[in-house]
Amino acid sequence: MKKWGFLLSGGFLLVIILSILLINQRSNQARQQANRVRDSAPTFYLHGYGGSGRSSDSMIEAAEERGRATKVLTAIVSRTGQVALEGHWTDSTTRPIIQVIYKNNRNPNYRQNGEWFKRVLIAVNRQHHFKQFNVVAHSMGNLTLAFYLANNAQNKKMPQLAKFVSIAGHYAGIIGMDDRANQNHLAKDGRPQQINATYRQLMGLRHRLPKDQVQFLNIYGDLSDGSDSDGRVSNVSSQSLRYLVAPRAKSYREVELGPKAQHSQLHENEAVNKTVIDFLW
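Everything quoted here is computed from the prediction, not taken from an experiment. (Residues numbered from 1 in each chain as written. Predicted model: local features only at pLDDT ≥ 70, side-chain atom pairs only at ≥ 80, totals over all residues. Heavy atoms only, no water.)

**Remarks on the packing of aromatic side chains**
Reasoning step 1: Tallied over the entire structure, the rule returns 9 aromatic pairs.
Reasoning step 2: Their ring planes at 90° and their centres at 5.7 Å tell us that Phe 44 and Phe 117 sit as a pair that is edge-to-face. In this pair, Phe 44 sits in strand E1 (residues 43-46) while Phe 117 sits in helix H3 (residues 110-127), placing the two residues 73 residues apart along the sequence.
Reasoning step 3: Given a relative accessible area of 0%, Phe 44 falls into the buried group.
Reasoning step 4: Residue class for Phe 117 comes out buried when judged on its relative accessible area of 0%. (Phe/Tyr/Trp six-rings, centres within 6.5 Å; stacked < 30°, edge-to-face > 60°. Helix = DSSP H or I, 4+ residues; strand = E, 2+ residues; numbered from the N terminus. Buried < 20%, exposed > 50% of the residue type's maximum accessible area, 1.4 Å probe, protein only.)

In structure tokens:
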């Protein structure tokens, strides 16, 4: 009886060990698959009003110099919304970067810009299939992405946004246009007290964003000159992103930089480069 008891105990222990090994193997396989999906996810760089490829060149070069990512394509959007792709994306490339350039770089129609960004995603996806993507945007580029999400966040036929870096986003206005320094304020929940037409159109994001899917990094500058702004965009306007996305975000983080953080220089800022690279990769 002792012999049978020993054999049964030994057999039971073997089953437990094999089960643990199998669970660990499956866990490792799932982790490796998740890493492959993450590393194959392209990162799109969107410039702001009046911007061009030069707006994101230094940020992309910083990522490449650190060996974190590789630029594979330039997506050029014509004045009529047609997309042309330049470059080549090979299967062996990890952490690919796609630079987006709008020929009509002074188009204030954020909704149209968002629809044209959808065309960029479709064009790139036809050439090289991907399931997830990231975005780094400066100034008006943030509104391009925000309005894309407002119309497509729940479209499962499209690749899904994983990470979004917002740099100097003017979600609740621009100083000298529909905002003034120290004019607006945030409530405890992050809602701006004064809401313009653009922000009102984006408030649906609070309910349309996929739950616990997107990680947000919100970078803004403060010149420390009493304006609480980067000279063009108030901190309140940039920080108002939180109210739109935080309730459904996987994570949300804000980074304030200054005092050398003028609006148009934020995409040339080494602190911005490091923060963006560490967040994405």
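**Some remarks on the packing of H3 against helix H4 (residues 140-152)**
Reasoning step 1: One can describe the packing of H3 onto H4 by two numbers: an axis separation of 7 Å at closest approach and a directional angle of 75°. For the element pair H3 / H4, the angle class is roughly perpendicular. Mapping the contact onto sequence places Tyr 110, Arg 111, Asn 113, Gly 114, Glu 115, Phe 117, Lys 118 and Leu 121 in H3 and Met 140, Leu 143, Thr 144, Leu 145, Phe 147, Tyr 148, Asn 151 and Asn 152 in H4.
Reasoning step 2: In terms of residue class, the contact of H3 with H4 is made up of 8 nonpolar, 5 polar and 3 charged. (Axes fitted to C-alpha atoms, helices over the stretch in contact; angles between N-to-C directions. Parallel < 35°, antiparallel > 145°, perpendicular 65-115°, else oblique. Contact = heavy atoms within 4.5 Å. Nonpolar A, V, L, I, M, F, W, Y, C, P; charged D, E, K, R; others polar.)

**Here's the deal with the pattern of salt bridges**
Reasoning step 1: Summed over all chains, the structure comprises 3 salt bridges.
Reasoning step 2: One salt bridge connects Glu 270 with Arg 66, and the closest N-O pair in it is separated by 2.1 Å. With Glu 270 in helix H9 (residues 270-280) and Arg 66 in the loop between helix H2 (54-65) and strand E2 (70-77), this pair connects stretches of sequence that are 204 residues apart.
Reasoning step 3: Exposure remark for Glu 270: the relative accessible area of 46% places this residue in the partly exposed category. (Salt bridge = Lys/Arg side-chain N within 4 Å of Asp/Glu carboxyl O.)

**Some thoughts on the sheet that holds strand E3 (residues 83-87)**
Reasoning step 1: Read from one edge to the other, the open sheet built from 8 strands follows the order E3-E2-E4-E1-E5-E6-E7-E8, with strand pairing classed as mixed. Each edge of the sheet is formed by a strand with only one pairing partner; in this case those strands are E3 and strand E8 (251-257). Adjacent strand axes in the sheet meet at a mean angle of 20° when their direction is disregarded.
Reasoning step 2: In the sheet, strand E7 (residues 215-221) pairs with E8 via 7 bridges, with the strands oriented parallel. Bridging across to E8, Leu 217 finds its partner in Arg 253.
Reasoning step 3: Along the sheet face, H3 touches E1, E2, E3, strand E4 (96-102) and strand E5 (132-138) and points at about 45° away from the line of E3. (Pairing = 2+ DSSP bridges.)

**Topic: the confidence of the model for the protein chain**
Reasoning step 1: In this model, the protein chain carries an average pLDDT of 92, and 88% of its residues clear a pLDDT of 70 or more.
Reasoning step 2: In the model, residues 29-35 has pLDDT below 50 throughout and makes 0 contacts with residues more than four positions away in sequence or in other chains. (pLDDT = per-residue confidence, 0-100.)

**Focus on the packing of H2 against H9**
Angle between the axes and distance between the axes: these two values describe a pair of packed helices.
Reasoning step 1: Contact geometry of H2 with H9 gives a least axis separation of 10 Å together with a crossing angle of 55°. Classified by the interaxial angle, the pair formed by H2 and H9 is oblique. In this structure, the crossing between H2 and H9 has a hand that is right-handed. Contact residues: H2 offers Ser 58, Met 59, Ala 62 and Ala 63, while H9 offers Val 272, Asn 273 and Ile 277.
Reasoning step 2: Counted by class, the contact of H2 with H9 contains 5 nonpolar, 2 polar and no charged residues. (Left-handed = near helix turned anticlockwise from the far one by under 90°.)

**As for the nonpolar core**
Reasoning step 1: Core analysis: the biggest nonpolar cluster contains 46 residues, and Phe 44, Val 100, Phe 117 and Val 135 have the highest contact counts within it.
Reasoning step 2: Here this core gets 8 residues from one element, more than from any other, and that element is H4.
Reasoning step 3: Residues within four places of Phe 44 in sequence aside, it is in contact with Ile 98, Val 100, Phe 117, Val 120, Leu 121, Val 124, Phe 130, Phe 133, Asn 134, Val 135 and Val 136.
Reasoning step 4: Ala 63, Val 136, Leu 257 and Ile 277 belong to the second largest nonpolar core, which has 23 residues in total. (Core = buried A, V, L, I, M, F, W, Y, C linked by side-chain atoms within 4.5 Å.)

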